[in-house]
Number of protein chains: 2
Amino acid sequence: MQLPRKKAYHHGDLKTAILIAAEAELVAHGLESFSLRRVAKAIGVTPAAPSHHFGNTNGLLTELAALGFRRLLAEQKDRQDRVAHDALGQLVASGIGYIDFAVNNPNLFQLMFNWRNLNEDHETLVAHRQAAYDHLVSNVEATQPDAHQSARRALVDAMAAWVTVHGIASLLSSGKTNRLAELQKRSGTDRDSLFGELIVKAVGASHF
Amino acid sequence: MQLPRKKAYHHGDLKTAILIAAEAELVAHGLESFSLRRVAKAIGVTPAAPSHHFGNTNGLLTELAALGFRRLLAEQKDRQDRVAHDALGQLVASGIGYIDFAVNNPNLFQLMFNWRNLNEDHETLVAHRQAAYDHLVSNVEATQPDAHQSARRALVDAMAAWVTVHGIASLLSSGKTNRLAELQKRSGTDRDSLFGELIVKAVGASHF
DNA sequence: CTGTTAAACTAAACACTGTCAAGATAAGGC
DNA sequence: GCCTTATCTTGACAGTGTTTAGTTTAACAG
């Protein structure tokens, strides 16, 4: 791994340079106005250069989404590390991480969950997405008193948890004037506590 | 109101013709590849013609989103009319209507909730969106035993209900290979019953 | 019926966009 | 050293949204 020269014909590590520039383009202009030519120009390269590494624009966006899923899971685990180790606390921390990721990376979140042109054959995309999903399921299962006796309940609780967390994340990250955020403020409860409350409610605090 | 002539220079009712063609374009090519020129060509008119009625593409899409919110509310009410009149049953029916709308109109749903370029100054858009929101809140409040004594609970329940319904709708309508749908099938419960169960759980069946 | 005004739409052009085929350049293996 | 392969450029093409100026028609006043 060598430092890329200044004006070399070969960039050195163009692929990652493109990914970085592409994310900057994403936050700057949004997914709706994403321009491949602009990211090429930003790093001083020809519009056709990215095609060689990613095939086409969708390939680049797909790779970006895959990285997004990796970072999403990382943020969830990071949250969990800084919190009590009981099952319910872990689940809540994971959910808050999910929500924070969506709020802090709205365009990336939109790309990951609401973009219909992603290349579903992309291996690392499906792998990282699957990893994030598995992590959720295991977190929910850990809150179940007896997994064998209540398989259906584990299933339903997993859906409930996922659905509430994703609903919060989606609504909070999408709107500019945000009704859900207004409700949260009017509740008099800080964000993490309130959404934690909702998550706990979703998995049915009855067995505690 | 006269029937539009065949090849008249003036189309007669071009504005609604464009809206209809635009929705067809939306379902045919998706929001990501929406083309204004294609909708113009589909109704045999110049690419610049829509600009006169909608300003620009965003104007057209915004109007489409506004119609979407109107139809969303209509579908919810339609569901509620065909169901028992108790408060909880009404809330569930409304939520199922919301979900069904998202599943049956995925691109429109994406436009309404995940499109960042919508013109937020568009009056009918904000009006119809507000109407849909108010309807939700009133549905939740109707399930509260005493609105005055538990204002905060009404608030939290409204958030919980909205968030679960929207989460389900968003996840179900976005993916092609859909993990949530898989979970639903594995639960052995039909879709409406299962999601109704989740909604009831969200508003806290404790007061029943 | 006639003349005028305002609305609806066209024509042509512009600056973009993503993508492709062909060629130039450099790196790495032998 | 040469040769092969990966990397990037050049130049072009079709398609996109939008704008300006001009043409056609409807609506309306007399």
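The structure under discussion appears in the preceding block.
K.L.:
Is there a simple way to explain the packing of aromatic side chains in this structure?
P.N.:
What describes a pair of aromatic rings is the distance from one ring centre to the other and the angle between the planes of the rings. In the structure shown here, the tally under the stated rule is ten aromatic pairs over all chains. With a centroid separation of 6.1 Å and an interplanar angle of 80 degrees, the aromatic rings of Y98(A) and F109(A) are classed as edge-to-face. On the criterion of sequence distance, the pair formed by Y98(A) in helix 5 (residues 87-104) and F109(A) in helix 6 (residues 106-114) is long-range, its members being eleven residues apart. Side by side, Y98(A) and F109(A) carry an identical accessibility label, which is buried. The interplanar angle of 45 degrees and the centroid separation of 4.7 Å between the aromatic rings of F109(A) and F113(A) together place this pair among those described as tilted. Separated by four residues within a single helix, F109(A) and F113(A) lie in helix 6, roughly one turn from each other. By the burial criterion, F109(A) is buried, and F113(A) matches it. By the ring-pair criterion, three or more aromatic residues cluster together here, those being F69(A), Y98(A), F109(A) and F113(A). Positioned above the aromatic ring of Y133(B) is the side chain of R179(A), whose terminal nitrogen or guanidinium carbon lies 5.2 Å from the ring centre.

K.L.:
Can you help me understand the interface of chain A and chain B in this one?
P.N.:
Many analyses report the size of an interface as the accessible area lost when the parts associate. Facing 47 residues of chain A, the contacting portion of chain B comprises 47 residues. Three residues, R116(A), M159(A) and R179(A), lead the burial of chain A against chain B; their summed loss comes to 19% of the area buried on that side. Where chain A packs against chain B, one counts four salt bridges. We note a salt bridge from E197(B) to R152(A), for which the minimum N-O separation is 3.1 Å. Linking chain A with chain B are 23 residue pairs in polar contact (both at pLDDT 80 or more). Listed by contribution, the elements that provide at least two residues to the side of chain A that touches chain B are helix 6, helix 7 (123-142), helix 8 (151-174), helix 9 (179-186) and helix 10 (191-202) of chain A. Looking at which element gives the most residues to the side of chain A that touches chain B, the answer is helix 8 of chain A, with 16 residues. Taken together, the residues of the side of chain A that touches chain B sort by class into 20 nonpolar, 16 polar and eleven charged.

K.L.:
Got a minute to help me understand the relation of the copies chain A and chain B in this structure?
P.N.:
Both copies of the chain are related by a screw-like operation: a rotation about an axis and a shift along it. Of the transformation superimposing chain A on chain B, the axial component is 0.0 Å and the angular component is 180 degrees, with the fit at an RMSD of 0.0 Å. Put plainly, the chains are arranged around a two-fold axis. Minimal C-alpha distance to the rotation axis in chain A is attained by G167(A), lying at 1.8 Å. A share of 100% of interface residues in chain A that are also interface residues in chain B marks the association as one of identical surfaces.

K.L.:
Whenever I open this one, the protein's contact with DNA strand D confuses me. Can you help?
P.N.:
Within the structure, DNA strand D sits among 24 residues, and T46(A), H53(A), L36(B), R37(B) and T57(B) are positioned closest to it. Across the atoms of DNA strand D situated within 4 Å of the protein, the share located in sugar and phosphate is 64%. Backbone polar atom of T46(A) to a phosphate oxygen of DNA strand D: 2.8 Å apart, as the coordinates give it. With respect to DNA strand D, the side chain of R37(B) contributes an N or O atom lying 2.3 Å from a base nitrogen. When residues of the surface near DNA strand D are traced back to their parent elements, those giving at least two are helix 3 (49-54) of chain A together with helix 2 (36-42) of chain B. Residues of the surface near DNA strand D, tallied by class, amount to ten nonpolar, ten polar and four charged.

K.L.:
I'm lost on the environment of L171(B) in this one. Help?
P.N.:
As for its position among the elements, L171(B) is in helix 8 (residues 151-174). C-alpha separation for the pair L171(B) and I99(B), spaced 72 residues apart in sequence, amounts to 9.9 Å. Excluding residues that lie within four positions of it along the chain, L171(B) makes contacts with W162(A), V163(A), H166(A), N178(B) and L180(B).

K.L.:
Please explain the protein's contact with DNA strand C as it appears in this structure.
P.N.:
Residues in close proximity to DNA strand C total 22 residues, the closest being L36(A), R37(A), T57(A), H11(B) and H53(B). Close to the protein, within 4 Å, the atoms of DNA strand C belong to sugar or phosphate groups at a rate of 67%. The side chain of S35(A) places a nitrogen or oxygen atom 3.1 Å from a phosphate oxygen of DNA strand C. One of the backbone N or O atoms of T46(B) is found 2.8 Å from a phosphate oxygen in DNA strand C. Taken together, the elements giving at least two residues each to the surface near DNA strand C come down to helix 2 (36-42) of chain A together with helix 3 (49-54) of chain B. With three residues, helix 3 of chain B is the single largest residue contributor to the surface near DNA strand C. Across the surface near DNA strand C, the residue classes break down as ten nonpolar, nine polar and three charged.

Conventions we followed
- Residues numbered from 1 in each chain as written.
- Chains lettered and ligands numbered in written order.
- Predicted model: local features only at pLDDT ≥ 70, side-chain atom pairs only at ≥ 80, totals over all residues.
- Heavy atoms only, no water.
- Phe/Tyr/Trp six-rings, centres within 6.5 Å; stacked < 30°, edge-to-face > 60°.
- Helix = DSSP H or I, 4+ residues; strand = E, 2+ residues; numbered from the N terminus.
- Buried < 20%, exposed > 50% of the residue type's maximum accessible area, 1.4 Å probe, protein only.
- Lys NZ or Arg CZ within 6 Å of the ring centre and 35° of its normal.
- Contact = heavy atoms within 4.5 Å.
- Buried area = accessible area lost by both parts, 1.4 Å probe.
- Salt bridge = Lys/Arg side-chain N within 4 Å of Asp/Glu carboxyl O.
- Polar contact = N/O pair within 3.5 Å; in protein donor to acceptor, adjacent residues only side chain to side chain.
- Nonpolar A, V, L, I, M, F, W, Y, C, P; charged D, E, K, R; others polar.
- Least-squares fit on C-alpha atoms with pLDDT ≥ 70 in both.
- Near = heavy atom within 4 Å.

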